[in-house]
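Remarks on the overall topology
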There are 2 protein chains.
Amino acid sequence: MRIMSNLTNTPDAILACARNLIMNGGYNGFSYADIADVVGIRKASIHHHFPSKVDLGRVLVSRYIEDARAGLSQLEQSVEDPRAILEAYTNHWAQCIADSSRPFCVCAMLASELPILPPEVAAEVRAFFRLISRWLTSVMERGGKEGVLVLSSAPEVEAEAFMASVHGAMLSARAYGDGRTFATILAPTLRRLSPVAAH
Amino acid sequence: MRIMSNLTNTPDAILACARNLIMNGGYNGFSYADIADVVGIRKASIHHHFPSKVDLGRVLVSRYIEDARAGLSQLEQSVEDPRAILEAYTNHWAQCIADSSRPFCVCAMLASELPILPPEVAAEVRAFFRLISRWLTSVMERGGKEGVLVLSSAPEVEAEAFMASVHGAMLSARAYGDGRTFATILAPTLRRLSPVAAH
DNA sequence: GTCCACCTATCAACTAGTAGGAAGATTTGC
DNA sequence: GCAAATCTTCCTACTAGTTGATAGGTGGAC
């Protein structure tokens, strides 16, 4: 191998590239040839690191889950107030969408085509939904107890509804081609959960 | 052609089949071969009715919009109360998802892969979002004026948030493999819009 | 006679995936 | 310490199957 081995790890570059491609077109929306072009490697070399597309997909999503887990725990360490946590969470996505760095959640994308996903990949995608759901439930629960979030339903229902709003808002932002749509949609959702809401 | 021409129209059969396939796997998740197998026709015969896949996609989505427009106007004729209209709208989708007849909105599916969609198809998908958005805005507006809907934001914002909830709930229902998730998520959304909500 | 719906046969491009080799890096045996 | 063996990473070249799409023909209907 040449000189870049320290700076950039090839498997990681492949995964990053595949992630970007999936964000735009889903599981059937990218090919090994696409990745090869971007990474500057041959198709066969991708197979060396990820023998099959299913392997690549499975590793990609499980890494995505790890990253999400790390991000969420870091978020909870830097922000205490549950309402502020939800705000920071949506702000994070609003920024990712606005600067087009991550215009869509990889797992939301893959969930939409779940019926035609290889079972191994589908299982990972479901695991992601359970992770976010559990995390949001715990945030809602704590916020309710501390009185900083107004829950009009059970915490787990509130969590699912919140997650659905986030994913739906991503979709609308994409459909309208305007990242600001995301923040616009999430604003009332956050306001309703806030006890200082002016009714 | 044989005997079935009166009972079933081939182009319609092709469109219906493609619609089902798109609902499960999106634009790249189906091929002319798939349709040929289901409809019982040869690939080349599909090209006779729809010269290119873009033609098929464009016609399919524009028909979908027509159907939606008709369905919405019929809904507004049979139900008067704006709040009841929103309920009927979500109930309709809840039923479609529960009996697996239409487990996902074709245009929500296609919107997720908008960046890799042929421009002609993408334009139609955007038109669908505008249609639903405008319709929901008018329902919200009227409901607010009549006092049967509690709007905590501008009608158009409320409309976008509602649409996002519906699409996000579809996604979650698919991810969890449980149609009841859809109704569970939409329930609090509808309750919040209702003036009889117990706070 | 012309049109329509469908057919067979074929196409080039692309799909994921394999075989086997070259070359540098690493480990091992002495 | 050094050479032999092995491992790692990437390569060229290839496969079988699928993709959307075309050319041209058949046979029945108006």
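Above this text you will find the structure in question.
Just so you know, these numbers come straight off a predicted model, no measurement behind them.

**Some points on the interface of chain A and chain B**
- Each side of the interface is counted separately: chain A has 39 residues, and chain B has 39 residues.
- Summed over both partners, the interface of chain A with chain B comes to about 3300 Å²; 63% of that surface belongs to carbon and sulfur atoms.
- Counting every contact that joins chain A to chain B gives 15 residue pairs in polar contact (both at pLDDT 80 or more).
- If you list the elements that add at least two residues to the side of chain A that touches chain B, you get helix H1 (10-25), helix H6 (106-112), helix H7 (119-146), helix H8 (155-176) and helix H9 (180-193) of chain A.
- Ranked by residue count, the leading element in the side of chain A that touches chain B is H8(A), at 15 residues.

**With respect to the relation of the copies chain A and chain B**
- The two copies are related by a screw motion: chain A maps onto chain B through a turn of 180 degrees and a shift of 0.0 Å along the axis, at an RMSD of 0.0 Å. The relationship between the two copies is best expressed as a two-fold rotation axis.

**Concerning the environment of Phe104(A)**
- Relative to the elements of secondary structure, Phe104(A) occurs in the loop between helix H5 (82-98) and H6.
- Put simply, Phe104(A) and Pro118(A) are 14 residues apart on the chain and 21 Å apart in space, counted from C-alpha to C-alpha.
- With residues near it in sequence (within four places) discarded, Phe104(A) still touches Met23(A), Trp93(A), Met109(A), Met170(A), Leu171(A), Arg174(A) and Ser112(B).

**Some words on the packing of helix H5 (residues 82-98) of chain B against helix H9 (residues 180-193) of chain B**
Residue and element names in this part refer to chain B.
- The N-to-C vectors of H5 and H9 enclose an angle of 175 degrees; their axes lie 10 Å apart at closest approach. Here H5 lies roughly antiparallel to H9, going by the angle between them. Packed against H5, whose contacting residues are Leu86, Glu87, Thr90, Trp93, Ala94 and Ile97, the element H9 presents Phe182, Leu186, Leu190 and Leu193 at the interface.
- Partitioning the contact of H5 with H9 into residue classes produces eight nonpolar, one polar and one charged.

**Considering the packing of aromatic side chains**
- For the coordinates displayed, the defined rule picks out twelve aromatic pairs over all chains.
- Relative to Phe128(A), the ring of Tyr64(A) has its centre 5.5 Å away and its plane inclined at 45 degrees; by these criteria the two rings are tilted. A residue pair is termed long-range when its members are at least 10 positions apart, and Tyr64(A) in helix H4 (residues 53-78) and Phe128(A) in helix H7 qualify at 64 residues. By the burial criterion, Tyr64(A) is buried, and Phe128(A) matches it.
- Each ring, one from Tyr176(A) and one from Phe129(B), has its centre 6.2 Å from the other, and the planes form 85 degrees; the classification is edge-to-face. Taken together, the positions of Tyr176(A) in helix H8 and Phe129(B) in helix H7 (residues 119-146) put the pair across two chains.
- Its relative accessible area of 25% is what places Tyr176(A) among the partly exposed residues.
- Look at Phe129(B) and you get buried, because its relative accessible area is 0%.

**Thoughts on the protein's contact with DNA strand C**
- Lining the immediate environment of DNA strand C, one finds 17 residues, of which His47(A), Lys53(A), Arg42(B), Ser45(B) and His49(B) sit closest.
- A breakdown of the atoms of DNA strand C within 4 Å of the protein gives sugar and phosphate a share of 64%.
- Side-chain polar atom of Lys43(A) to a base nitrogen of DNA strand C: 3.2 Å apart, as the coordinates give it.
- Taking Lys53(A), its main chain carries an N or O atom lying 2.6 Å from a phosphate oxygen of DNA strand C.
- The set of elements that each furnish at least two residues to the surface near DNA strand C consists of helix H2 (32-39) and helix H3 (43-49) of chain A together with helix H3 (43-49) of chain B.

The rules behind these values
Residues numbered from 1 in each chain as written. Chains lettered and ligands numbered in written order. Predicted model: local features only at pLDDT ≥ 70, side-chain atom pairs only at ≥ 80, totals over all residues. Heavy atoms only, no water. Contact = heavy atoms within 4.5 Å. Buried area = accessible area lost by both parts, 1.4 Å probe. Polar contact = N/O pair within 3.5 Å; in protein donor to acceptor, adjacent residues only side chain to side chain. Helix = DSSP H or I, 4+ residues; strand = E, 2+ residues; numbered from the N terminus. Least-squares fit on C-alpha atoms with pLDDT ≥ 70 in both. Axes fitted to C-alpha atoms, helices over the stretch in contact; angles between N-to-C directions. Parallel < 35°, antiparallel > 145°, perpendicular 65-115°, else oblique. Nonpolar A, V, L, I, M, F, W, Y, C, P; charged D, E, K, R; others polar. Phe/Tyr/Trp six-rings, centres within 6.5 Å; stacked < 30°, edge-to-face > 60°. Buried < 20%, exposed > 50% of the residue type's maximum accessible area, 1.4 Å probe, protein only. Near = heavy atom within 4 Å.

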